[in-house]
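# Descriptive analysis of the structure
What follows is each chain in one-letter form.
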Amino acid sequence: MKAQIEYYMNKKLKKLFIILAWLGILEIAAMLVQNSILLVGPVEIARALVELLQTGNYYLICLMSLCRIMAGMLFAFLFGCVLGACMYRFPLFEEIISPVLAIMKSIPVASFVVLLLIWQGARNLSVFISFIVVFPNVCVSMKNGLKSVSIEKRELADVFHIKGLQKWLYIYRPSAIPYLISCMEISIGMSFKSGVAAEVIGMPDYSIGERIYVSKVYLDTAGLFAWTFSLIVLSFCVEKILLYLMKQTLKPVLVKRSVVESDSIKSYDSHEEITAGIRQKKTGTDVQKEQSEDESLRSLEIKNISKSYGDKSVLTNVTRSLNKGGCYLIMAPSGNGKTTLFRIIAGLEKADAGRLEGFDEVSCQFQEDRLLDTELSMTNITLNRHYDHLAEEILPKECLYRSVSELSGGMKRRVSLVRAMLYQFDNPDAVCLLDEPFTGMDEETKDRAISFIKKYQNGRTLLIATHDEKDCERLGGVLWKL
């Protein structure tokens, strides 16, 4: 820690020394020239700046220019994000709007300034110019950020029914915000430079651009540098504040349970209370219906499922009847279609032939962890569902409120297992797919994971892909060699 502080201080001192050196060179050059119209040194600029700071109009002028430029930037950011999202969502709209954005980026700012002076005058010229400079960049950055979301994350959203605000928070936000941050790092400086340039041409009242123009007319080089320095400070402060706020939006988000749970679901404290609560939901008619159901309706059917990738056949006429509430362990050599079958059942891929019956609601633990790495473990577990307190039976409590990126491989695997087991927990008709759930676990952890699976199966049908035949006995399941 001490070494890091020393490195940081040395780096700052080095920067300070370089700045002071350049200021010294500028002061010496001004002394040699001895012409305050051609060149002024830091001392004279500082004197002019102090004089400005002592005038009341200085602060009003800075505030008015800041408000105009910021208004243009913020409108550009808001409308650019909306339009960029539309470009991502509707490819035809992207084709229509792309030429307009290309024209906006290629036409010189001076041309826009002249046109806007003709159309609406000088009063809000810097607002429109700031908007025009920033808007195309935000549109393209937002579209590219959304496009950068991986297919794995989109499949995760499909399986766990992540929609609306949660889909933005957990799936799209981590990918889109870095693109927008990079965009704003470039656009903020451009916005201030072009906005003040527009003020120099239009000369609206109470603007930095007007003061720069007046300094030029009166050959007040020191005043020109003082106003320019003021503009640099404003731009620097705005950039740091806005980028800080944008980076804060990348921090892990934990949506409160009241948001992710429906009002009709009660929060229980134990497995027994949960099971009792589910039973209480069933009316007498429901129970009677269940008792009178034909046995054929109590099964899940996989009928003649076939799937090929090019010339390679992965699944060929796979057929199996599964009893609802059963536990089936699927074994096959790697590459023989276990994961493909799971993807077809989860609706992530379409079979070339055959059909499924009864697989209406599905929860899934993917072969890879597929966690939201920037989010907390708890957030990953509670995606659009509840019963998060049960996770403590297999995960340390302190782990639940740590970012997934900080966890070990085995811990990540447990998080993905808990998420799959607790999703659709209160739906006995759901099917839970676990694709090699014990990868990276030692024997003790595996025993806890198996106990967790057995305890919280809760009447659901389990399909578990494994390479260890002993898992069948330990889980009390039926072995299915694919």
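Residues numbered from 1 in each chain as written. Predicted model: local features only at pLDDT ≥ 70, side-chain atom pairs only at ≥ 80, totals over all residues. Heavy atoms only, no water.

### Observations concerning the overall build of the chain
Across its full length, the chain carries 19 helices and eight strands. Burial analysis of the chain (482 residues in total) assigns 45% to the buried set. For the chain, the proportion of contacts with a sequence separation of at least 24, taken over those separated by at least 6, is 75%. As presented, the chain carries roughly 25,500 Å² of accessible surface, and 59% of it is formed by carbon and sulfur atoms. (Helix = DSSP H or I, 4+ residues; strand = E, 2+ residues; numbered from the N terminus. Buried < 20%, exposed > 50% of the residue type's maximum accessible area, 1.4 Å probe, protein only. Contact = heavy atoms within 4.5 Å. Areas by Shrake-Rupley, 256 points an atom, 1.4 Å probe, with all protein chains shown as cover.)

### Quick notes on the layout of surface pockets
If a probe as big as a water molecule is rolled over the atoms, it shows which places are left empty. When its volume is computed, the second largest pocket comes out at roughly 250 Å³. Together, Cys-81, Ala-85, Tyr-88, Arg-89, Met-142, Leu-146, Trp-168 and Tyr-172 line the second largest pocket. Those elements that provide at least two residues to the lining of the second largest pocket are helix H3 (56-89), helix H6 (125-147) and helix H8 (164-202). A per-class count over the lining of the second largest pocket returns seven nonpolar, no polar and one charged. (1 Å grid on protein atoms, 1.4 Å probe; cavity = no way out; pocket = protein on both sides within 12 Å on 5 of 7 lines; lining within 4 Å. Points joined across faces, edges and corners; volume = space filled by probe spheres on them. Nonpolar A, V, L, I, M, F, W, Y, C, P; charged D, E, K, R; others polar.)

### Details of the sheet that holds strand E4 (residues 353-357)
Taken together, three strands build an open sheet; the order of strands is E2-E1-E4 and the sheet is antiparallel. The strands lining the two open edges of the sheet, one partner per strand, are strand E2 (312-323) and E4. Sheet twist, expressed as the mean angle between neighbouring strand axes with direction ignored, is 15 degrees. In the packing of helix H14 (residues 338-345) onto the sheet, contacts are made with strand E1 (299-309), E2 and E4, and the angle to E1 comes to roughly 120 degrees. (Pairing = 2+ DSSP bridges. Axes fitted to C-alpha atoms, helices over the stretch in contact; angles between N-to-C directions.)

### Description of the confidence of the model for the chain
Looking at the chain, the pLDDT average stands at 86 and 89% of residues meet or exceed 70. Across residues 256-271, confidence stays below pLDDT 50; counting only partners more than four residues off in sequence or on other chains, it has 25 contacts. Predicted confidence for residues 278-296 stays below pLDDT 50, and this span has eight contacts to residues more than four positions away or in other chains. (pLDDT = per-residue confidence, 0-100.)

### Quick notes on the nonpolar core
Counting residues in hydrophobic clusters, the biggest one holds 90 residues, and the most contacted among them are Met-73, Leu-433 and Leu-463. Among the elements that make up this core, the one with the highest residue count is H8 (14 residues). Once residues lying within four places of it in the same chain are set aside, the contact partners of Leu-433 are Phe-342, Ile-345, Ala-346, Val-362, Ser-363, Cys-364, Gln-365 and Leu-463. Judged by nonpolar contacts, the second largest core, of 34 residues, contains Ile-394, Cys-399, Leu-407 and Leu-417. (Core = buried A, V, L, I, M, F, W, Y, C linked by side-chain atoms within 4.5 Å.)

### A look at the packing of helix H7 (residues 151-159) against H8
Remark: H7 packs on H8, axes separated minimally by 10 Å, with the N-to-C direction vectors making an angle of 155 degrees. Judged on the interaxial angle alone, H8 and H7 are roughly antiparallel. Between H7 and H8 lies a crossing whose hand is right-handed. Side by side, H7 and H8 meet where Lys-153, Arg-154, Leu-156 and Ala-157 of the first sit next to Lys-167, Ile-171 and Tyr-172 of the second. Grouping the constituent residues of the contact of H7 with H8 by class yields four nonpolar, no polar and three charged. (Parallel < 35°, antiparallel > 145°, perpendicular 65-115°, else oblique. Left-handed = near helix turned anticlockwise from the far one by under 90°.)

### What to know about the pairing of E2
Of the strand pairs in this sheet, E1 and E2 are connected by eight bridges, and their pairing is antiparallel. Across the sheet, Ile-302 pairs through a bridge with Arg-320, a residue of E2. Between E1 and the antiparallel strand that follows it, E2, lie two residues; Gly-310 among them carries a positive phi value of about 65 degrees.

### Quick look at the environment of Glu-406
Along the chain, Glu-406 falls in the loop between helix H16 (397-400) and helix H17 (409-422). Separated by 32 residues in the primary sequence, Glu-406 and Thr-374 have C-alpha atoms spaced 9.4 Å apart.

### Looking at the packing of aromatic side chains
In total, this model carries eight aromatic pairs according to the counting rule given. Where Phe-452 meets Tyr-456, the ring centres are 4.9 Å apart and the plane angle is 55 degrees; that geometry is what we call tilted. Tyr-456 carries the same exposure label as Phe-452, and that label is buried. Over the aromatic face of Phe-366 sits the side chain of Arg-370, whose NZ or CZ is 4.2 Å from the ring centroid. (Phe/Tyr/Trp six-rings, centres within 6.5 Å; stacked < 30°, edge-to-face > 60°. Lys NZ or Arg CZ within 6 Å of the ring centre and 35° of its normal.)

### Comments concerning the pairing of strand E6 (residues 431-435)
Regular strands have side chains that alternate between both faces of the sheet. Burial within E6 is extensive, with five of its five residues counted as buried. Alternating residues of E6 divide into Val-431, Leu-433 and Asp-435 and Cys-432 and Leu-434, and every residue in both groups is buried. Strand direction decides the pairing type here: strand E5 (residues 362-365) and E6, joined by four bridges, are parallel. The residue bridging Ser-363 from the neighbouring strand is Cys-432, located in E6. One ladder, built from five bridges, connects E6 with strand E7 (residues 461-465); its direction is parallel. By the bridge assignment for E7, Val-431 is matched with Thr-461. Handedness of the β-α-β unit built from E6, helix H18 (residues 443-455) and E7 comes out right-handed. (Right-handed = clockwise from strand over helix to strand, strands pointing away.)

### Section: a positive patch on the surface
On the surface, a cluster of positive charge is contributed by Lys-11, Lys-12, Lys-15, Lys-240 and Lys-247. Mapped onto the positive patch, the elements with two or more residues apiece are helix H1 (2-33) and helix H10 (221-248). Here the positive patch gets three residues from one element, more than from any other, and that element is H1. Along the chain, the position of Lys-11 falls in helix H1. (Patch = residues over 30% accessible without salt bridge, like charges linked within 9 Å, V, L, I, M, F, W, Y side chains within 5 Å. Salt bridge = Lys/Arg side-chain N within 4 Å of Asp/Glu carboxyl O. Lys, Arg positive; Asp, Glu negative; His and termini not counted. Charge placed at Lys NZ, Arg CZ, Asp CG, Glu CD.)

### Describing the pattern of salt bridges
This model, assessed by the stated rule, comprises 20 salt bridges. One salt bridge connects Lys-143 with Glu-94, and the closest N-O pair in it is separated by 3.1 Å. Here the residue Lys-143 occupies a position in helix H6, and Glu-94 occupies one in helix H4 (residues 91-106), the gap between them amounting to 49 residues. Overall, the relative accessible area of 10% leaves Lys-143 in the buried class. We note a salt bridge from Arg-343 to Glu-349, for which the minimum N-O separation is 2.6 Å. Using a relative accessible area of 17% as the deciding quantity, one classes Arg-343 as buried. Bridged by salt links that share partners, the residues Glu-155, Lys-307, Arg-343, Glu-349, Asp-352, Glu-368 and Arg-370 form one connected network.

### Considering the sheet that holds strand E3 (residues 327-331)
Strand pairing in a sheet is mediated by backbone hydrogen bonds. Such pairs are either parallel or antiparallel. Taken in spatial order, the five strands line up as E5-E6-E7-E3-E8 in an open sheet, and their pairing is parallel. Strands at the two margins of the open sheet, each flanked by one partner only, are E5 and strand E8 (478-481). Within the sheet, the average angular offset between the axes of one strand and its neighbour, ignoring direction, is 20 degrees.

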